[in-house]
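Geometric and topological summary
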Amino acid sequence: MRMNEHNFHASDAREVLNSLGSSEAGLSDAVLEEKRRQHGWNEIPEAAKMSWILLFLKQFKSLLVFILMVAATISWFTDHEVDAFVILGIVIINAIIGFTQEFRAEKAVASLKQMLVLVAKVWRNGELVQLPARELVPGDIIFLEEGDNIPADARIIESNNLRTIEASLTGESLPAGKNPDTLPVGTLMGDRKNMIWKSTFVAGGTARAVVTGIGLNTAIGNIAQTITDIKAEPTNFQKKTKTLARQMAIFAISFSVALFCVGYFIRKMELDEIFIFTLAAMVSSIPEGLPAILSIVLAIGAWRMSQRKAIIREFTATETLGAVTTILTDKTGTLTQNSLTVKRVLIQENNEYEMMGEGWHPEGEFMRDGKAQDIAGDQALQKLLSIAAFSNNSGVRFDEKKGVYEMIGDPTEGALHVLARKAGINPKKQDAVKKLYDLPFNSVNKFRATLCELSDDGKSRKEIFVIGAPEKILELSDKYLKNGGAADFDAQAKQQIQNKIDEWSDSAMRVIALAYKEADAGASSVKEEEINGLVFAGITGMIDPPRPDAREAVLKCREAGIRVIMATGDHIKTAIAIAKDTGIIAPGEEKKQVALSEQQVAALSDSEFDDAIMRISVYARLSPNMKLRIATRLQEMGQLIAMTGDGVNDAPALKKADVGIAMGIMGTDVARDAAQVVLADDNFATIVSAVEEGRIVFANTRQTSFFLLTTNFAEILTLITTLAAGLPLPLTATQILWINLVTDGTVGIALATEPGHGDVLKEKPIRRKENILNLSVLPFLLINALVMTTLALIAFKYYLPFGEEKARTAVFLVLVFTQIFNMLNMRSLKESVFKIGIFSNRYVNIALLLSVALQISVVEIPFLKNIFRLHRIDITELAVIIAASSLVLWGSELYKFATKKFRKTNRLLKG
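Residues numbered from 1 in each chain as written. Predicted model: local features only at pLDDT ≥ 70, side-chain atom pairs only at ≥ 80, totals over all residues. Heavy atoms only, no water.

**Brief notes about the pairing of strand E4 (residues 153-165)**
Our working rule: Partly exposed describes any residue whose relative accessible area lies between the buried limit of under 20% and the exposed limit of over 50%, with all areas from a 1.4 Å probe on protein chains only and scaled to the type maximum. Here a strand is any run of E in DSSP of at least two residues, a helix any run of H or I of at least four, and the numbering for each starts at the N terminus. Between any two strands, at least two bridges found by DSSP are needed for them to pair.
Counting buried positions over the 13 residues of E4 gives ten, a clear majority of the element. Relative to strand E7 (residues 201-213), E4 runs antiparallel, the two being bridged by ten bridges. Each residue of the ladder has a partner; that of Arg-163, found in E7, is Gly-204. In terms of strand pairing, E4 meets strand E6 (residues 195-196) through two bridges, oriented antiparallel. Following the sheet pairing, Arg-155 is matched in E6 by Met-195. The pairing of E4 with strand E5 (residues 176-177) spans two bridges and is classified as antiparallel. Residue pairing for E5: Arg-163 is matched across the bridge by Gly-177.

Below, the structure written as structure tokens:
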């Protein structure tokens, strides 16, 4: 039975126990076997991992690879065995590159996974026992206390100040107070105060609860099931390479048909002769090295992203990132640090401090008017800090593996602990204050209290330290603390503090008040009714702060034409405050409606919903289904979506998005498994770096594809022209194979390493349907191919009187050296190679020298010269051929200059 088919939250605890066939004494062994048979084990089945064999075979699932396999088959049956083996070798190399990248990524993600719940405390046969959490069944009575992971969905029977952290499920960053009270039927999951959820944990207090759902029949299980129901769509890059393969096939077939027609109908060649030659030409017109070079482009992009803390799980997501138009991001732990931090402290009549430092790191200065303050002499502040330190059960510890501080216990108390530590007060290392008794926080009373013994100059006294909701502490206070001592509270002083509380609350800060009172010397405990007549020490304002570079990252997205939408389970006020701080809500937009809650979104008609998601960029209190609905509708409206998140509630949209990006440190296993990209540093700014690399990957894919196509086009055009003119064949099959594999391969790999030129984030996102090869590159293609073909024909005609072998050698060298010069053109399709720096890519320089050395070796070394049936060319002839081949560079430079001037003039006219 699905978890939402029972309204356990709307039933009395006794009714829930009866419906599950249980009692407060727990289940007996007699009913366990039947329940186990009915409900199974309390575990969520892991998604089946692809075996390494299937992962390797997956790399062959490509139209381009299929075309090459056809080409290899044709080569084999037309007695071109060498060509067939070379093509098969290229296909296997391509598969190895893709397999290696994805296998390494999976290992990297696996190393980030954290331990799951292993044990639970449960009543069985009237006794409290500890057993593996997977053995729980509906009806089990579990016991929970501070620090426990919650092993199953459960209805609370009784609780004592229970608070749970549900950020991974609901997106709410603050602890949720829990109690056994019955709630209305329609209460949303995030507001079900009498329910607790699997894979969240206890921040404070204790409880007994009856298990209502296990395994897939839990909130987290429902989400996991939703993920499996979402069909994985082909990635944007897979669609584009499929189109590229189709274009290559059409190109090869079209020109081969043209070649056949010229040979058979014009030259009147024998049918079997022209047919075999046409098949060979068709094979040679397909750039065999393209799949491997595309994989190298992606692998280099993925490696660069890993250096910038983005792990690519799905190989082709590397390029898709560059085409993203909208980032749908969670707030908690993604834009923020997921570490509640005290940012403001107010004492003695508007004496206000601003706190420095990040997250739970216990270091930071106390600032006033922009200057660091020496707080040693501020007695009132020291008293407030002492209360923060000792009326507290939380702490922080340094995780050496992760290199960060982690909070232990309630985040609010943890924030106060860190505040005290910043002032050098560490409760574990203080002898002057001794805790005697603790009264836990109560959601009804809205405060916690601690009885402490204070030692000073050999004398001791007892005081009660109190922390709680500011309105409640103000109500219970008669005096307030000044550096000169305690003073009577009057209406004006209380109003000043209330104004500051309202101001901070409107800024989405969580305001906590601190107070104290003297206790009797014989006191050994604290009762709730004793908390009155307090001395008000001050207030603190805390918030889960934005990541330091989140604002800059959001602004970079805006400059890059990428819209950032916040979709969070947190409160709308908090969402708006963080959106303003990070730049998601731009200055001046506050006057308009800038945010919507789920209830508001759910009330919209379809047309209003479409208008809202295109106009409003902040959504609060969202359920997983609403996040998924927003992501799906944006995709249907033509947006290419990247979804970021760390919680279980983010997982369905992560899988549905074009690129799912999960947090590696704070993220849940469910989120990481649903994503294509994992951020090893949980930093939103890393996404911008990944987008930049994605755009570079697309540019390099286009440039290498275009580079390879140019030579193939020039080769087939040269063959058709010479055949039509009644001339002998200008190249042999072996010479064509050398150009396509050795020269093109060496240069193509070098082009795959081209870094960005600093302008990719200033351009609009790559259109979803923009092909790798399109009409925009056609003029460039024609110019380069015509220059190469013309030079090849001139060389062939000039050297033909000296013999076919020497003429073919000249054509061979022309095509090789024009490609080498063309490599410099293809480093950028817009900018001059002299502007980006002719020596700025060392791999291109190495490829250039290697290619020149290879060509000279083939012509000069007798053994190689005989294999390729080439003729020696003297140094003067070689120099002329190289100089003439450089025309392809100067022609392209002239084209780039002219098009740049045209674009500039066009912008001025439009402006």
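**Considering unusual backbone geometry**
Backbone geometry at Asp-682 places phi at a positive 60°, although glycine is not the residue there. Along the chain, Asp-682 falls in the loop between strand E28 (677-679) and helix H23 (684-724). The exposure class of Asp-682 is buried, given its relative accessible area of 1%. Its identity is not glycine, yet Arg-869 carries a phi of approximately 50°, on the positive side. Looking at the secondary structure, you find Arg-869 in the loop between helix H29 (862-867) and helix H30 (875-885).

**Some remarks on the sheet that holds E28**
Rule in force here: Axes here mean lines fitted to C-alpha atoms, for a helix over just the part in contact, with angles spanning 0 to 180 degrees between N-to-C directions. Here, residues are in contact when the closest pair of their heavy atoms is within 4.5 Å.
Strand order in the open sheet formed by eight strands is E8-E28-E27-E26-E9-E23-E25-E24, and the pairing between neighbours is mixed. Every interior strand has two partners, whereas the edge strands, strand E8 (310-312) and strand E24 (595-597), have only one. Adjacent strand axes in the sheet meet at a mean angle of 20° when their direction is disregarded. Bridge analysis of E8 against E28 gives three bridges, and the strand direction is antiparallel. Residue pairing for E28: Ile-311 is matched across the bridge by Val-678. Each of strand E23 (563-567), E24 and strand E25 (618-620) is contacted by helix H17 (residues 572-582), which is oriented at about 155° to E25, the strand it contacts most.

**So, the layout of surface pockets**
In this approach the atoms are scanned with a rolling probe the size of a water molecule, which exposes any empty space left behind. This is how it is decided: Cavity: a set of points on a 1 Å grid over the protein atoms alone where a 1.4 Å probe fits but cannot get out. Pocket: an open set with protein on both sides within 12 Å along at least five of seven lines, its lining residues, like those of a cavity, having an atom within 4 Å of a point. Grid points are joined across faces, edges and corners, and a volume is the space filled by probe spheres set on the points. Under the scheme applied, nonpolar residues are Ala, Val, Leu, Ile, Met, Phe, Trp, Tyr, Cys and Pro; charged residues are Asp, Glu, Lys and Arg; polar residues are all the others, including Gly.
Of the pockets and cavities examined, the second largest pocket occupies roughly 1,300 Å³. Arg-702, Glu-763, Glu-770, Leu-829 and Lys-830 are, among the 35 residues lining the second largest pocket, the residues nearest its centre. Elements supplying a minimum of two residues to the lining of the second largest pocket: H23 and helix H31 (887-910). With seven residues, the top contributor of residues to the lining of the second largest pocket is H23. A breakdown of the residues in the lining of the second largest pocket according to their chemical character gives eleven nonpolar, eight polar and 16 charged.

**So, the side chain of Gln-337**
Along the polypeptide, Gln-337 turns up in the loop between strand E9 (326-329) and strand E10 (341-347). Residue classification places Gln-337 among the buried residues on the basis of a relative accessible area of 16%. Setting aside anything within four residues of it in sequence, one finds Gln-337 in contact with Glu-358, Gly-359, Asp-544, Pro-545, Pro-546, Arg-547 and Pro-548.

**Section: a nonpolar patch on the surface**
Rules: Each patch is built from residues that are more than 30% exposed by relative accessible area and take part in no salt bridge. Like charges join if they lie within 9 Å; nonpolar side chains (Val, Leu, Ile, Met, Phe, Trp, Tyr) join within 5 Å. Methods summary: accessible areas were calculated by the Shrake-Rupley approach with a probe of 1.4 Å, and residue burial reflects only the protein chains presented. What makes a salt bridge here is a side-chain nitrogen of Lys or Arg within 4 Å of a carboxyl oxygen of Asp or Glu, nothing more.
Together, Trp-52, Ile-53, Leu-54, Leu-57 and Phe-103 line one region of the surface with nonpolar side chains, adding up to about 530 Å² of accessible area. Ranked by residue count, the leading element in the nonpolar patch is helix H3 (residues 52-58), at four residues. Note that Leu-54 resides in helix H3.

**Brief notes about the confidence of the model for the protein chain**
Rules: Each residue gets a pLDDT score, which is the predictor's confidence in that residue and runs from 0 to 100.
Per-residue pLDDT for the protein chain averages 85, and the proportion of residues at 70 or more is 91%. Mean pLDDT values over the elements of the protein chain span from 66, in helix H5 (residues 81-112), up to 96, in E6. Low pLDDT, under 50, characterises residues 1-5; the stretch is placed with twelve contacts to residues that sit more than four places away or in other chains.

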